[in-house]
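Commentary on secondary and tertiary structure
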Amino acid sequence: MGDAVIEQEDLTAQRPAMPALPPTNPGRHRADEPDPTPAWAQWLDEDHTPDSEATTRIRRVTSAEADLLSDDPMAPLVLAARERAAQTRRRREIRERAALAAIVAAVLAVIAGIVWVKVTPGNDSAPQAAPAPTLVPATANPNQPASPGAWCQAVESADRVSGSSSGNLNTAPGVIMHLEYAWYVLRDATVVRSLLTPDAKAAPEQATRDAISAVPAGTQHCVTISRLPADHWDVNIDERRPDGTKNTWQQTFTTTTGGDGRVLISSIISSGG
């Protein structure tokens with residue numbers, strides 16, 4: 001019996017003492033009791049806060065675990081760490097599900113908004129067509145080929161109109177533009193004379209026909225019309241002939257509006273005379 005006591009004491013002396021772990025919550029337990037939650041166990045819980053939860057989250061142990069606790073002093077710490085890790089996983093899953101639900105709700109809200117905009121009357125955001133200009137654009141014509149340099153720019157304002165379009169018969173600038181279009185593109189003296197009053201101060205019809213024939217086919221033109229007082233208009237005509245020759249003509253037109261509302265040209269005078 002004495003030998004047995006001596007052998008037990010020798011084994012106890014050979015085993016090193018259990019290293020002490022520093023307390024993580026000083027003041028929360030008595031000095032003579034070890035802290036049930038050491039610092040290394042807290043690393044397993046990313047949401048750990050230093051409060052009384054450490055003592056309430058340790059689950060009850062079974063009889064088998066109780067035997068383990070009596071044999072291994074580290075067992076309580078391992079069991080507490082496992083419980084904390086499980087709770088951390090549950091909280092993480094709850095947060096992930098809540099975030100996913102929020103994303104799905106946001107996507108559904110956007111889709112609903114798009115559908116509402118498309119089906120609600122009066123929400124059509126398509127741009128409206130601009131009103132048609134007063135002057136009719138010039139159409140393609142073999143006698144008036146397009147200029148590569150786009151040297152004649154179409155401009156329309158209250159006091160100034162320019163371009164080479166076919167014009168119109170409703171406004172004074174439109175009638176002047178149509179006369180020059182008939183001269184250079186249609187090459188028709190009859191159309192030119194139909195835009196003049198019977199007593200217009202202009203060249204006679206035969207002289208107009210001869211002048212049109214003298215202009216080479218394919219000559220390009222550009223007309224600039226500026227408003228002057230009392231239905232007078234300063235008209236500048238630029239020519240570009242097929243051989244590269246360039247000419248400029250400066251004239252003053254006078255227009256009048258008849259009782260039927262039709263606009264006609266009553267005078268064409270060179271600005272020099």
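Scroll up to find the structure this text is about.
Here we summarise the structure given alongside this text.

Rules used throughout
- Residues numbered from 1 in each chain as written.
- Predicted model: local features only at pLDDT ≥ 70, side-chain atom pairs only at ≥ 80, totals over all residues.
- Heavy atoms only, no water.
- Helix = DSSP H or I, 4+ residues; strand = E, 2+ residues; numbered from the N terminus.
- Buried < 20%, exposed > 50% of the residue type's maximum accessible area, 1.4 Å probe, protein only.
- Pairing = 2+ DSSP bridges.
- Contact = heavy atoms within 4.5 Å.
- Axes fitted to C-alpha atoms, helices over the stretch in contact; angles between N-to-C directions.

If you check the backbone angles, alanine 230 has positive phi at about 55° while not being a glycine. Mapped onto the fold, alanine 230 is located in the loop between β4 (220-228) and β5 (232-240). For alanine 230, a relative accessible area of 63% gives the class exposed. Phi angles above zero are rare outside glycine, and aspartate 231 is one such case at about 60°. Inspection of the secondary structure assignment puts aspartate 231 in the loop between β4 and β5. The exposure class assigned to aspartate 231 is partly exposed, which follows from its relative accessible area of 47%.

The next point concerns the sheet that holds β4. In space, the seven strands of this open sheet follow the order β1-β2-β4-β5-β6-β7-β3, with mixed pairing throughout. In this open sheet, the two strands that pair with only one neighbour each are β1 (155-156) and β3 (196-201). Note that strand β6 (residues 246-257) and strand β7 (residues 263-270) share seven bridges and pair antiparallel. Note on β7: the bridge partner recorded for threonine 254 is serine 267. In this fold helix α6 (residues 172-186) packs onto β2 (160-163), β3, β4, β5, β6 and β7, with an angle of close to 160° to the strand it touches most, β4.

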